[in-house]
Amino acid sequence: MTSRRLVLSRSAALIGAASTGLLLPGLARAQGAKLRVGLMLPYTGTFAQLGVAIENGFRLAIDEQGGKLGGREIEYFKVDDESDPSKGIENANKLVQRDKVDVLVGTVHSGVQMGIHKVARDTGVLSLIPNAGVHVATRAQCAPNVFRTSFSNSQPTRALGAAMIAKGHKKAVWITWKYAAGDEAFEGFKESYTAAGGSIIKELGLPFPNVEFQALLTEIAALKPDAVACFFAGGGAAKFIRDYAAAGLKGKIPLYGSGFLTEGVLEAAGAAADGVITTLHYGDGIDTPRNKAFRLAYAKTFKLQPDVYAVQGYDTGLLLVQGSNAVKGDLNNKTALYKAMESATIDSPRGKWKMSKAHNPIQDIYLRVVENKENKVIGVAAKALEDSGAGCKMT
Ligand code: PHB
């Protein structure tokens with residue numbers, strides 16, 4: 001026989017659970033409740049502008065689809081990750097444990113991503129990566145609940161080596177920030193450049209996010225390579241381009257890079273960026289109605305020119321809209337949600353793309369040159385390029 005006391009204590013427990021948000025998902029997250037979206041991005045530091053562009057693009061995609069996800073209103077939760085890897089896990093937990101987000105969108109920096117990735121694997125929260133290219137996230141540590149809408153770190157540079165050799169540059173110096181993104185970009189460059197017959201005469205590096213380039217530029221001048229290839233991004237990239245010109249290297253030793261070098265920095269870099277050749281999965285000048293419509297809408301909404309980060313944020317929004325619609329806003333219906341996202345075609349400003357089995361975009365890589373503050377597209381350096389996904393076993 002059920003005692004009155006037991007009934008009482010049960011309802012008390014239920015009220016307690018409701019106030020702390022611990023109810024079973026089906027009860028606490030009723031379909032009508034707002035869908036909780038966590039944005040973990042850099043809003044300060046050398047990657048601050050990248051975080052803002054990603055958020056802008058993400059919101060634009062969702063607003064264009066009526067501002068809802070699978071029929072549900074959205075509540076946003078934001079954390080500035082400062083591109084600080086040492087706070088990665090703690091910051092991801094603020095969103096997942098404290099704010100109880102249904103989906104975590106983030107981030108830019110590969111080291112910080114590793115913190116998010118641990119939390120995503122431990123908790124099973126849906127994790128959408130709008131930039132950070134760290135290989136393991138879609139290789140040996142791939143996971144059913146983790147989807148990347150950007151690139152893997154070696155994807156853009158895998159198309160760079162042959163382009164440099166085609167221009168007759170057979171001896172190169174590589175320079176980067178020494179952390180996962182730079183080291184893995186080097187992996188793609190080394191493979192493509194040496195396969196095409198080039199030799200890398202020196203690898204130079206400095207810790208992230210240092211911008212004391214002077215001594216390294218002096219070394220480059222003394223080495224006299226045919227060309228320089230690099231990975232830098234954000235505020236540091238703008239300074240590198242300016243310092244390269246100020247050191248007298250522009251016009252003497254051609255500068256190449258993973259295309260992030262010239263994204264979102266063309267106002268800040270000015271004429272020093274003219275002629276820099278890069279490879280990337282986007283270019284301002286992609287001549288399609290889709291890209292033109294996106295660029296116009298973004299410029300009108302934010303009074304800013306979009307860049308690759310804005311596109312990646314936008315595509316993250318498109319992916320989440322498709323997934324949420326397929327499950328009518330019930331993100332707990334994981335099998336159907338993941339299936340919809342795995343089979344989605346993203347009609348992106350960069351061109352249509354689909355996920356690889358490891359959840360990383362299969363995409364074209366464009367050859368671009370900077371002209372008058374624009375990343376002009378001058379060719380396709382690699383068609384439908386797919387990361388190896390080495391070691392990925394979805395469990
Ligand atoms: C990264 O840390 O993975 C990263 C950061 C900025 C970029 C690209 C990759 O532009």
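All values derive from a computational prediction rather than experimental measurement. (Residues numbered from 1 in each chain as written. Predicted model: local features only at pLDDT ≥ 70, side-chain atom pairs only at ≥ 80, totals over all residues. Heavy atoms only, no water.)

A. Region of interest: the nonpolar core. L126, F232 and F240 are the most contacted members of the largest nonpolar core, which has 97 residues in total. Ranked by the residues each element gives to this core, the list is headed by helix α12 (residues 308-326), at nine residues. Residue-level mapping places this core at the junction of two domains, with at least three residues from each of domain 1 (33-151 + 287-359) and domain 2 (155-280). Setting aside residues no more than four positions away along its own chain, F232 makes contact with I175, T176, W177, L206, F213, A237, F240, F260 and L261. The next biggest cluster of nonpolar side chains, apart from the first, holds 19 residues, and it includes V79, A92, V119 and A137. (Core = buried A, V, L, I, M, F, W, Y, C linked by side-chain atoms within 4.5 Å. Buried < 20%, exposed > 50% of the residue type's maximum accessible area, 1.4 Å probe, protein only. Helix = DSSP H or I, 4+ residues; strand = E, 2+ residues; numbered from the N terminus. Domains from an automatic or database assignment. Contact = heavy atoms within 4.5 Å.)

B. Looking closely at empty space enclosed by the protein. Scanning the entire structure with this criterion turns up one cavity of 30 Å³ or more. As a volume, the largest cavity reaches approximately 90 Å³. Lining the largest cavity are 15 residues; nearest its centre among them are V108, N131, F151, Y179 and F231. Split by residue class, the lining of the largest cavity holds eleven nonpolar, four polar and no charged. Formed jointly, the lining of the largest cavity draws a minimum of three residues from each of two domains, domain 1 (33-151 + 287-359) and domain 2 (155-280). (1 Å grid on protein atoms, 1.4 Å probe; cavity = no way out; pocket = protein on both sides within 12 Å on 5 of 7 lines; lining within 4 Å. Points joined across faces, edges and corners; volume = space filled by probe spheres on them. Nonpolar A, V, L, I, M, F, W, Y, C, P; charged D, E, K, R; others polar.)

C. Quick peek at the site of the ligand. Neighbouring the ligand are 15 residues, the closest being V108, S110, G133, Y179 and Y309. At 3.4 Å, a backbone N or O of V108 approaches an oxygen atom of the ligand. Within the contact set of the ligand, an oxygen atom lies 2.6 Å away from a side-chain nitrogen or oxygen of S110. Isolated, the ligand exposes 280 Å² of accessible area, and the fraction of that covered by the protein chains is 100%. For the ligand, the cavity whose grid points lie within 2 Å of the majority of its atoms is the largest cavity. Looking at side-chain class alone, the shell around the ligand contains ten nonpolar, five polar and no charged residues. (Near = heavy atom within 4 Å. Polar contact = N/O pair within 3.5 Å; in protein donor to acceptor, adjacent residues only side chain to side chain. Areas by Shrake-Rupley, 256 points an atom, 1.4 Å probe, with all protein chains shown as cover. Sits in = over half its atoms within 2 Å of the grid points.)

D. Structural context of the pairing of strand β13 (residues 361-371). The buried fraction of β13 is high, at nine of eleven residues. In the sheet, strand β12 (residues 351-355) pairs with β13 via two bridges, with the strands oriented antiparallel. Residue K354 lies in a different strand from β13, and its bridge partner there is I362. Hairpin geometry of β12 and β13 is characterised by an intervening segment of five residues between the two adjacent antiparallel strands and by a positive phi of about 75 degrees at H359. From the end of β13 to the start of strand β14 (residues 374-385), which pair antiparallel, there are two residues, and N372 there has a positive phi angle of about 45 degrees. (Pairing = 2+ DSSP bridges.)

E. Representation of the layout of surface pockets. Taken as a whole, the largest pocket encloses approximately 590 Å³ of empty space. Lining the largest pocket are 26 residues, and of these G264, V265, L266, Q305 and D307 sit closest to its centre. Those elements giving two or more residues to the lining of the largest pocket turn out to be α3 (48-64), α9 (234-246), α10 (266-269), α11 (289-302) and β14. Per element, the largest residue contribution to the lining of the largest pocket is four residues, and it comes from α3.

F. The state of the cysteines, seen in detail. Counted under the stated rule, the structure contains one disulfide. Between the sulfur atoms of C142 and its disulfide partner C392 the distance amounts to 2.2 Å. On the sign convention where negative is left-handed, the bridge of C142 and C392, at about 85 degrees about the S-S bond, is right-handed. Taken as a pair, C142 in the loop between β4 (126-129) and β5 (146-148) and C392 in the segment after β14 lie far apart in primary sequence, 250 residues in all. (Disulfide = S-S within 2.5 Å.)

G. Spatial organisation of the pattern of salt bridges. Summed over the entire model, instances satisfying the criterion amount to 22 salt bridges. When the shortest N-O distance is used, the salt bridge between K87 and D84 registers 3.8 Å. Judged by its relative accessible area of 21%, D84 is partly exposed. Of the charged contacts, one joins D387 and R139 as a salt bridge, the two residues approaching to 2.8 Å between their closest N and O atoms. Here the residue D387 occupies a position in the segment after β14, and R139 occupies one in the loop between β4 and β5, the gap between them amounting to 248 residues. For the pair formed by D387 and R139, the shared burial category is buried. (Salt bridge = Lys/Arg side-chain N within 4 Å of Asp/Glu carboxyl O.)

H. Structural view of the domain arrangement of the protein. Parsing the protein into structural domains produces domain 1 (33-151 + 287-359) and domain 2 (155-280). Counting residues at the interface gives 17 residues for domain 1 and 18 residues for domain 2. Remark: the boundary between domain 1 and domain 2 carries one salt bridge. Of the charged contacts, one joins E187 and R139 as a salt bridge, the two residues approaching to 3.5 Å between their closest N and O atoms. Across the contact surface, domain 1 and domain 2 share four residue pairs in polar contact (both at pLDDT 80 or more). Sorting the residues of the side of domain 1 that touches domain 2 by element identifies α3 and α12 as the ones contributing at least two each. Looking at the side of domain 1 that touches domain 2, the element that brings in the most residues is α12, giving three residues. Of the residues that constitute the side of domain 1 that touches domain 2, the class distribution is six nonpolar, nine polar and two charged.

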